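Spelled out, the chains give:
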Amino acid sequence: MTAKNWIVLLAIIVVASVIGIVFMLALSWFPEQGSNVAPEIDTFWDVLVIVSVPIFVAVTTVMLFSIWRWRQRPGEEDLDGPPIHGSTKLEVIWTIIPTIIIAALTTYAAILLVDIQAAPAKGTRVVNVNGVQFAWDFETQTADGPVKTAKLYLPINEPVKFNVRSKDVIHDFWVPAFRLKVDAVPGITTSYNLTPTKLGTFDVVCAELCGLGHAYMRQTVTVLTAERYATMMAKLTKASGTPVAAAGGDGIGEQLFVAGNPATGATACGACHTLAAAGTTGVTGPNLDKELKADNASAADIMEMIVDPNKEIAKGYSKGIMPANYATTMTKAELDALTKYIYESVQGKG
Ligand code: CUA
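*Asks:* Outline the pairing of strand β4 (residues 152-155), supporting the account with residue identities and numerical values.
*Replies:* Residues Leu152 and Leu154 line one face of β4 and the alternating positions Tyr153 and Pro155 line the opposite face, and both faces are buried. Of the pairings in the sheet, the one linking β4 to strand β10 (residues 218-224) comprises four bridges and is parallel in character. Bridge pairing in β10 places tyrosine 153 opposite threonine 222.

Next up, the structure:
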């Protein structure tokens, strides 16, 4: 290794690192910042990028340089390499430096986590988040008691604490715009708290592989002004009987379709089935708009498909995927309302 080689190597590493960092920081990796913790978490990401890009560049550059510099030349096929015993000095250096870097980043992360998850102030609004294959439901504590909803509503600039639970397997409650997420683990309650800082509607995602419908275990959270939130909660309180209240629909059939009934364990049809009228896009099960129309299914047919789903299976789908317990998890009235809703959505009107 000549001095010139060293200088060239170093220059490549510095220039490539600068380009890499600028490129990585210029890219927009995340959705908009929807909560008070988002800016701090995004800053943490930037720090990780600034630290790790030069390491990646240095390792790659040295590797490529070595491959080029000490490649086998013609006539060297039968030569052995020089006998190298190892270097204690090198080994100490390449152990200590990464240890320092990891320790520093871990300390930063730990301080950040403690900082953004400080115990919420007394009186902070609590929202119970329940995960079930394959849907979320939410129970918001209000002055008038708990309000169950399929979609999540939050007032802007007011701290909220999520208590996250699961009824079956491990899910993970994640609102990418809020940045935080936590596993929903059967048998225990996990939680985090934050303050929504941006008006609008954001995705709620399940971030833990939880079964066939995992990718469709999605919902929305809408952040409203304090006044609009109060109006919405009043409306939902009125609508919230035993079946959970679905946003935008006042019929029990639509509520059941979109949200199921967490109180009885009836899961939401819309988590797995597409139905244009309900705005659901699930693909675990057949597309109801298409299949029911093609079958020219009567209300009685639809009822049978709900309570005895394994009797006849649509082409391309398997037995045993759709829960077969709707006859027990729903009352007769609920089944009638649901059937009527689906029938009218597909066949009835137009
Ligand atoms: Cu629930 Cu993935």
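*Asks:* Can you break down helix α3 (residues 88-116) residue by residue, with the values?
*Replies:* Its 29 residues give α3 an end-to-end C-alpha distance of 42 Å, which sits within 8% of 42 Å, the value for a rise of 1.5 Å per residue. For α3, the set of buried residues is Leu105, Leu112 and Ile116. Looking at the buried positions of α3, the neighbouring elements they touch are α2 (38-69) and β8 (190-194).

*Asks:* Give me the lowdown on the pattern of salt bridges, citing residues and values where you can.
*Replies:* Under the defined criterion, the tally for this structure stands at eight salt bridges. Between glutamate 304 and lysine 311 there is a salt bridge, with the nearest N and O atoms lying 3.2 Å from each other. In this structure glutamate 304 comes out as partly exposed when scored by relative accessible area, which is 38%. The partner of glutamate 344 in a salt bridge is lysine 340, with the nearest N and O atoms 3.6 Å apart. Placement of both glutamate 344 and lysine 340 in helix α9 (residues 332-348) is noted, with a separation of four residues, approximately one turn of the helix.

*Asks:* Can you break down the sheet that holds strand β2 (residues 135-142) residue by residue, with the values?
*Replies:* In space, the five strands of this open sheet follow the order β3-β2-β1-β5-β8, with mixed pairing throughout. Since the sheet does not close on itself, it has two edges, and those belong to β3 (145-149) and β8, each with one partner. When strand polarity is set aside, the average angle formed by the axes of neighbouring strands in this sheet is 25°. Bridge count for strand β5 (residues 160-166) against β8 is five bridges, and the pairing is antiparallel. Among the inter-strand pairings, phenylalanine 162 is bridged to a residue of β8, identified as tyrosine 192.

Thresholds, definitions, all that
The numbering scheme is per chain: residues are counted from 1 as the chain's sequence reads. Reporting in this predicted model follows two pLDDT cut-offs: at least 70 for local features of residues, and 80 or more for side-chain atom pairs to be given and counted; totals over whole chains, interfaces and linings ignore these cut-offs and use all residues. Excluded from the side-chain calculations are hydrogens and water; all other atoms, namely the structure's heavy atoms, are used. Relative accessibility under 20% of the residue-type maximum defines a buried residue, over 50% an exposed one, and the middle range a partly exposed one, all with a 1.4 Å probe and only protein chains included. A run of DSSP states H or I qualifies as a helix once it reaches four residues; a run of E qualifies as a strand once it reaches two. Both are numbered from the N-terminal end. When DSSP finds two or more bridges between a pair of strands, those strands are recorded as paired. For a helix, the expected span equals 1.5 Å multiplied by the number of residues minus one. Should any heavy atoms of two residues lie within 4.5 Å, those residues are considered in contact. Whenever a carboxyl oxygen of Asp or Glu lies within 4 Å of a side-chain nitrogen of Lys or Arg, that contact is scored as a salt bridge. Axis lines are fitted to C-alpha atoms, over the contacting stretch for helices. Their N-to-C directions set the angle, which ranges from 0 to 180 degrees.

Distances and angles like these do not, on their own, reveal function.
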